[in-house]
Amino acid sequence: MVVGLEVHVQLRTRTKAFCRCATSFGDPPNQNTCPVCLALPGALPVLNAKAVELATRASLALGCTVRERSVFARKNYFYPDLPKGYQISQFDKPLAEHGRVQLGSARRIGITRIHMEEDAGKSVHDRFRGATAIDLNRAGVPLIEIVSEPDLRSSTEAAAYLRAVREILVYADVSDCSMEEGSFRVDANVSARPHGAVELRTRTEIKNLNSFANVERALEIEFERHCKLHDAGGAVIQQTMLYDAGADAVRSARAKEESHDYRYFPDPDLPPLVLSNGFVDDVRASLPEFPEARRTRLIAQCGVSVADADALTADRALGAYFERVIALGADAPVVANWVLGELLAARNGGAGEAAFVAPDRLADLIGIVRDGLVSNTAAKTIYATMIIDPLSPRAIAERDGLNQVGDDTALRGWIEEVLAENPDEASRFIGGERRLQGVLIGLVMKKSGGRADPKKLSQLIGARAGR
Ligand code: ZN
Ligand code: MN
């Protein structure tokens, strides 16, 4: 299977690409329109600087070289939701080229180009009986189109590439990449060739896939169709396909256009976009550390496990919080346990943002566990209290009687009680059945309310067996 993907991403701007209309989602139809995006005669586009900045951010984040001079072009075609009769896009001089996305350590997927363009409006077929309505709120919303090289070799790999691209763009704050709201849309080009063949065969393009699952499914179905055609000695016809998720089928939509069908030419209303080195450098300097780099650093420098590093990079807030706690000197794998265990459970269990207790308080809590003042079990109780109580972990432990008990007399008292309550196990244990030690320790722990110092406890119980 040979796959290349085209991804349209809506940039996170307040206003449209060439006018001041709002880009907000879900407003009443045609509310966010003006002479420019309605294509009234004589209206002139003015490029949105924020859109240029975000498109540049995306390009650098995806490893592209940003062109000093790119050119807006008219892509001419007729469609009812395209009032100008052309889309403002970029053609032979796109904003950026030659990027890449790394998938794990082994696979590098090339990005051919990233260009800026505007979105079209929306045809609404289910609002009025027997008629199609047009909503132009989305007309002129700024997009980038990210075109990959035909480097992907399976449907799974295509989905992994899309996840990586989305993760990077969300990290870079370029877009919310919401597939539900249409701010991340995928067209997939697919072809089939025998193992070892180098030459590409005729491809088809599946349009507007709106979930990663649909991308995978549609690729599988279309690949299967190509294989059958090739095996039967037939030929694939280059065309545009649509995936119908309800019917789980891919059907032909129309013959594929070639780029000359669009009669591209430079838009005379827009001067070439010229970006200074200083501007591009400033954007580059403002980029955050990206997931792949952060993952590698967490594993190599902090000694965090691969699974924990994945979890900490998948959620930017968790990762940032984790780093603030380890900056205070706490042991990284222990902090990772806390953040991905108790904290995540509390956040998802209703505590919300309050689960992120001040980093120095969590570091303190980890410190008193390390120093043997409280047990791990007690620490979990203390953490739950910290979410709603501003006291220090030490003060909470004292007030709530959660300090670890390492006092021999108290520990011996609990041990004797447990032995007396379980005479059968007690005599077998004292008689040499050492494997019962764990059971008895558990019972003493329970009796102590989790406060018994586990090290001392096991010493004392061991001694009681006459070891
Ligand atoms: Zn407008
Ligand atoms: Mn496009």
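Our subject is the structure that appears above.
**Student:** Would you mind going over the overall build of the protein with me for this structure?
**Tutor:** The helix and strand inventory of the protein stands at 15 helices and 16 strands. In terms of overall dimensions, the protein has C-alpha extents of about 95 × 55 × 50 Å along its principal axes. Among the 467 residues that make up the protein, the fraction classed as buried is 46%. Here the analysis covers contacts within the protein between residues at least 6 apart in sequence; of these, 65% occur between residues at least 24 apart. Roughly 23,000 Å² of accessible area belongs to the protein as shown, and the carbon and sulfur atoms make up 52% of that amount.

**Student:** Honestly, the coordination of the manganese ion (ligand 2) in this entry has me stumped. Any pointers?
**Tutor:** By definition of the ideal shapes, a tetrahedral metal site with four donors has angles of 109.5 degrees and an octahedral site with six donors has angles of 90 or 180 degrees. Taken together, the protein donors to the manganese ion (ligand 2) comprise H8 (NE2), E117 (OE) and E145 (OE), at separations of 2.0 to 2.2 Å. Sequence spacing of the donors to the manganese ion (ligand 2): H-x108-E-x27-E. With a gap of 137 residues between them, H8 in strand 1 (residues 2-10) and E145 in strand 10 (residues 142-148) connect regions that are remote in the sequence. The pair H8 / E145 is uniform in exposure class, with both members buried.

**Student:** What am I meant to see in the pattern of salt bridges here?
**Tutor:** Opposite charge on two side chains makes pairing possible when the charged atoms of those side chains draw close. Taken as a whole and assessed by the stated rule, the structure comprises 32 salt bridges. Two residues, R297 and E323, come together in a salt bridge whose shortest N-O distance is 2.6 Å. Placement of R297 in helix 5 (residues 291-302) and of E323 in helix 7 (residues 316-326) is noted, with a sequence separation of 26 residues between them. Its relative accessible area of 18% is what places E323 among the buried residues. Each of E167, E292, R295 and D310 takes part in salt bridges that share partners, so that together they form one network.

**Student:** Would you mind going over the state of the cysteines with me for this structure?
**Tutor:** One way to say it: the disulfide is the covalent bond shared by the sulfur atoms of two cysteines. One pass over the structure, following the stated rule, counts 0 disulfides. Left unpaired, C177 is separated from the closest cysteine sulfur, that of C64, by 15 Å. Its relative accessible area of 2% is what places C177 among the buried residues.

**Student:** Any chance you could explain the sheet that holds strand 6 (residues 96-103) here in plain terms?
**Tutor:** One key point about sheets: their strands pair by backbone hydrogen bonds, in either a parallel or an antiparallel sense. In space, the 9 strands of this open sheet follow the order 2-6-7-10-1-11-12-13-14, with mixed pairing throughout. In this open sheet, the two strands that pair with only one neighbour each are strand 2 (65-66) and strand 14 (249-255). Strand contacts of helix 2 (residues 155-171): strand 1, strand 6, strand 7 (107-118), strand 10 and strand 11 (184-191), with the helix running at about 110° to strand 6, the strand carrying the most contacts.

**Student:** Please explain the sheet that holds strand 4 (residues 72-76) as it appears in this structure.
**Tutor:** If you walk across this open sheet you meet the 3 strands as 5-4-15, and the pairing is antiparallel. A strand with exactly one partner marks an edge of an open sheet, and here the two such strands are strand 5 (86-90) and strand 15 (265-266).

**Student:** Honestly, the coordination of the zinc ion (ligand 1) in this entry has me stumped. Any pointers?
**Tutor:** Around the zinc ion (ligand 1), the protein contributes the donor atoms C19 (SG), C21 (SG), C34 (SG) and C37 (SG), which lie 2.3 to 2.4 Å from the metal centre. Coordination at the zinc ion (ligand 1) is tetrahedral: its 4 donor atoms span angles of 100 to 116° at the metal. One chain supplies every donor to the zinc ion (ligand 1), and in sequence these donors are spaced C-x1-C-x12-C-x2-C. Like C34, the residue C37 is buried in the burial classification.

**Student:** Any chance you could explain helix 6 (residues 306-314) here in plain terms?
**Tutor:** Because each turn of an α-helix spans 3.6 residues, side chains separated by three or four positions in sequence point in the same direction. All of the buried residues along helix 6 are A309, L312 and T313. Taken down its axis, helix 6 places every buried residue within 95° of arc, on the same side. Among the exposed residues of helix 6, those pointing more than 90 degrees away from its buried face are A307 and A314. Close packing links the buried residues of helix 6 with helix 2, helix 5, helix 7 and helix 8 (332-351).

**Student:** Just to check I follow, could you spell out the nonpolar core for this structure?
**Tutor:** Nonpolar side chains in soluble globular proteins tend to be buried together. Counting 67 residues, the largest nonpolar core has I146, Y161 and F184 as its most contacted members. Of the residues forming this core, the biggest block, 8 residues, is contributed by helix 2. Those residues in contact with I146 that lie beyond four places of it in its chain are L5, E6, V7, V9, L62, I111, R113, I114, Y161, V165 and L169. In this structure, Y321, L343, V357 and I368 belong to the second largest nonpolar core, which totals 37 residues.

Basis of the calculations
- As a convention, each chain's residues are numbered from 1 in the sequence order in which they are written.
- The naming scheme follows written order: chains are lettered A onward, ligands numbered 1 onward.
- Where local features are concerned, this predicted model is filtered to residues with pLDDT of at least 70; where side-chain atom pairs are given and counted, the filter is 80 or more; whole-chain, interface and lining totals use all residues.
- Neither water nor hydrogens contribute to the side-chain values; these are computed over all heavy atoms in the structure.
- By definition, any uninterrupted DSSP run of H or I lasting at least four residues is a helix, any uninterrupted run of E lasting at least two residues is a strand, and each is numbered from the N terminus.
- Classification of residues uses two cut-offs on accessible area relative to the type maximum, computed with a 1.4 Å probe and protein chains only: under 20% is buried, over 50% is exposed, and between them is partly exposed.
- Any pair of residues with heavy atoms lying within 4.5 Å of one another is described as a contacting pair.
- Only the protein chains shown count as covering a residue, and every accessible area follows the Shrake-Rupley method with a 1.4 Å probe.
- As a rule, N, O and S atoms within 2.8 Å of a metal are its donors, except that Na, K and Ca use 3.2 Å; water is not among the atoms, so sites may look incomplete.
- Salt bridge, as used here: a side-chain nitrogen of Lys or Arg that lies within 4 Å of a carboxyl oxygen of Asp or Glu.
- A pair of sulfur atoms, both from cysteines and within 2.5 Å, is called a disulfide here.
- Pairing between two strands requires that DSSP report at least two bridges joining them.
- Note on geometry: axes are lines fitted to C-alpha atoms, helical ones only across the stretch in contact, with angles between N-to-C directions running from 0 to 180 degrees.
- Each label reflects the angles at the metal, where four donors whose angles all fall between 85 and 135 degrees are tetrahedral, four or six donors whose opposite pairs open beyond 155 degrees and whose other angles stay between 65 and 115 are square planar or octahedral respectively, and the rest are irregular.
- The directions from the helix axis to the C-beta atoms form the arc being described.
- In this description, a nonpolar core means a group of buried Ala, Val, Leu, Ile, Met, Phe, Trp, Tyr and Cys residues linked to one another through side-chain atoms lying within 4.5 Å.

Remember that the coordinates give geometry; whether it matters functionally is a separate question.
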